[in-house]
Structures are given as C-alpha cells and as structure tokens.
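# Structural overview for review
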Amino acid sequence: MGVELVTSQLPKVFIARPPQGGIPDRLRAVAEVEVWPGDRPPSKAELIAHASSAEGLLTSVSDRVDLEVLNACQSLRVISNMAVGFDNFDIDEMTRRGIPAGNTPGVLTDATADITFALILATARRVLEANEALLNGEWTSWNASFMLGLELSGATLGIIGLGRIGLAVAKRAQAFSMRVLANSRTPRPYAGIENVSLDRLLRESDIVSLHVSLSEQTRHLIGKSEFELMKPDAILINTARGAVVDQGALAEALKSGTIGGAGLDVFDPEPVSLDDPIVTAPHVVLLPHIGSATVVTRTRMAEIAIDNLIAGLIGEPLPNCINPQVYGSR
Ligand code: DGY
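The structure contained in this document is the topic of the report that follows. (Residues numbered from 1 in each chain as written. Predicted model: local features only at pLDDT ≥ 70, side-chain atom pairs only at ≥ 80, totals over all residues. Heavy atoms only, no water.)

### Considerations on the pattern of salt bridges
The final tally for this structure, using the stated rule, is 18 salt bridges. One salt bridge connects Asp114 with Arg172, and the closest N-O pair in it is separated by 2.9 Å. Note that Asp114 is positioned in helix α5 (residues 109-124) and Arg172 in helix α7 (residues 164-175), a separation of 58 residues in sequence. Ionic contacts of the salt-bridge type, sharing partners, join the residues Arg179, Glu194, Arg200 and Glu204 into one network. (Salt bridge = Lys/Arg side-chain N within 4 Å of Asp/Glu carboxyl O. Helix = DSSP H or I, 4+ residues; strand = E, 2+ residues; numbered from the N terminus.)

Structure representation (structure tokens):
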C-alpha cells in the first residue's frame, strides 16, 4: 500500500481519510501532505505511525484520537474532524494540551434531517418489506390489508435533542402534518413543538427520533426500560450516534414486540457486524452511516475541515473550534 507523500520543509499533516474533492492547493501551499490511501480507516497503530511526526491531523468519525494517540503524536498543533460530532476525540485532553480541535457544524443539518425522514418514511410505510415482497412474487393482486403501515399525518413524532438537526427534522415533520414533541437539555421555544419530559415523549410518540450528541450523559440513554415505556407499535429512528442506544436491548425489544420497528443510520460499533442481532431483528431499516452523504454536504464538510487545519497550522484561531478555551489559556 503506497502513500502520497511530498517532501518539503513545510509542517507535515496526516489526512486519515481523503476528503471529498481531494487535497486543495491552499493546503499544499502551507503543509507537506500525507494522505492515507486505504478504503478502510487506519488502525490505531497505523494512525500513530503516520501522525507521530505530524503537526496537523485530519480525521473522520472512524478515527479515535485518544490519550494513547496524543501521547504518541507529541508534535500535533491542530486536529480537525471532518464531522460535526467529535465523540471520537479526547477533547478534554486536547484542551489540556492546548491543541485546538475543529469540527464541521451547520453544513450537514439538512442532509442528516433528510436521511432521518427517509428512515421515518421507509419504516412507517414498510418500503423495504414491500420492495422485497414484490421481488419475491408476493404481489399477486391488490389486497386491502397488504403492507399496512403508519400514516404520518396526525402521528406524533418525539424528537430527543432539539439542536440544529432535531429542529430541521421537526420542520419536515410539521410539513407532513405530524404532531411534534421534543425533549431537550436546553428547551428551545418553536411554534408547534411542545417540550416535554423524556418519559412523556416515550409514552406518547409513534416515532421517536434521536438527535443528541454522544457523551457520558447520553450513552445508552435509550435502553430496556425506555423501550418498555414506548408504544408496542412505536418506531425508533437513530441518525445520531449508535451508542446513544443500547443496541442489544433494541434488538431484544424488536424481537419481543416491545416496540414495532427501527430505522438506523448509526451503530455501536461501526461498521455493524453482520452477526450482530440488530441485523436480523424484525422491522428494521439499516443504513451504513450516510446521514451527511450528499455531494454538496461532503464537499462543504471537506472545505471547513481543511480551513480548520490550515488555520491551526498558520497559528490562527480555527473558524470552527470545538475547544476555543485553548486560546484563552495561551
Ligand atoms: C457527523 O458529522 O458527526 C456525522 O455523523 C458524519 O457523517
């Protein structure tokens, strides 16, 4: 496996995942760029081997930058995540070391809200089951009770986490004439959205959609006891982070009929193993973490991630900095 390497006196950056659109000249003008060439992400040992002498690092959600990596890569002056979420970073340790870290907020809101709605429609209206039934020759005549699903108009959508993406999903739901409930750490008044307790949201919603970031507070936020509060035909949608849900408990809840279905774009861990019980659970629609996967969004994410990287290399504040405290402490 060869690597793309240009030798110069410029600071070295390691790009762990090639960004959409390639490496722009404005980065090559300020850095010696090494791009990981594989389709799979580098292992931790490979990440360390390539980033140990780098001053800048560009990562994706699959690259964990933890204490071990930071200890092994002492030259790092900037770390840029090509994602809005940064649960793959030990952000406290980066802040302690004065290393600015960047992310790409805002630009993936609509793409992620769209894929959330694709999952809502696909699960509620049994799109994959119906497609499979047709291909299996089961469509022999029009049948009044064939493939009946949930009508979105008038149904209740419960949104957990009313940040940018949660709100964009709520607006789409309102366009479908759904009733919208929300549960958010920082309640955000918005016409037609009622902020309620988590218990009430789980009890009253036909569809529950997760839009919180992953933290110690939100890990396994939804597990066995939460599924037991939900309606037996309720659908869970997760386009946030897999570990917000206890995935084993979800597979059980689907198999036992405690809830009615699930649409998932994220898993714990990723990629999900085909042996994982969630893969064979009934009434699931599963996607390979493609929430932000549109050409426009991935291009904008790449631009922002590169801007953050360049700013860090030339000693400017990152345009999208996760830990701006680093500037105060310098
Ligand atoms: C993000 O930006 O956090 C997304 O999950 C990556 O697609």
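Following the structure, the description resumes.
### As for the site of the ligand
Residues in contact with the ligand, as listed here, are Ala83, Val84, Gly85, Leu108, Arg241, His289 and Ser292. Between Val84 and the ligand, the recorded distance is 2.6 Å, taken from a backbone N or O atom to an oxygen atom. His289 places a side-chain nitrogen or oxygen 2.7 Å from an oxygen atom of the ligand. Taken by itself the ligand offers 230 Å² of open surface, and the protein chains cover 89% of this. Considered class by class, the residues forming the shell around the ligand number three nonpolar, three polar and one charged. (Near = heavy atom within 4 Å. Polar contact = N/O pair within 3.5 Å; in protein donor to acceptor, adjacent residues only side chain to side chain. Areas by Shrake-Rupley, 256 points an atom, 1.4 Å probe, with all protein chains shown as cover. Nonpolar A, V, L, I, M, F, W, Y, C, P; charged D, E, K, R; others polar.)

### Considerations on helix α10 (residues 247-256)
Looking at α10, one finds that the buried residues are Gln247, Ala249, Leu250, Ala251, Ala253 and Leu254. Here the buried face of α10 lies against α9 (224-229), β11 (235-238), β12 (261-264), α11 (277-280) and β13 (284-286). One side-chain oxygen at the N-terminal end of α10 lies 3.3 Å from the backbone nitrogen of Gly248; it belongs to Asp246. Looking one or two places after α10, you find Gly257, whose phi comes out positive at around 80°. (Buried < 20%, exposed > 50% of the residue type's maximum accessible area, 1.4 Å probe, protein only. Contact = heavy atoms within 4.5 Å.)

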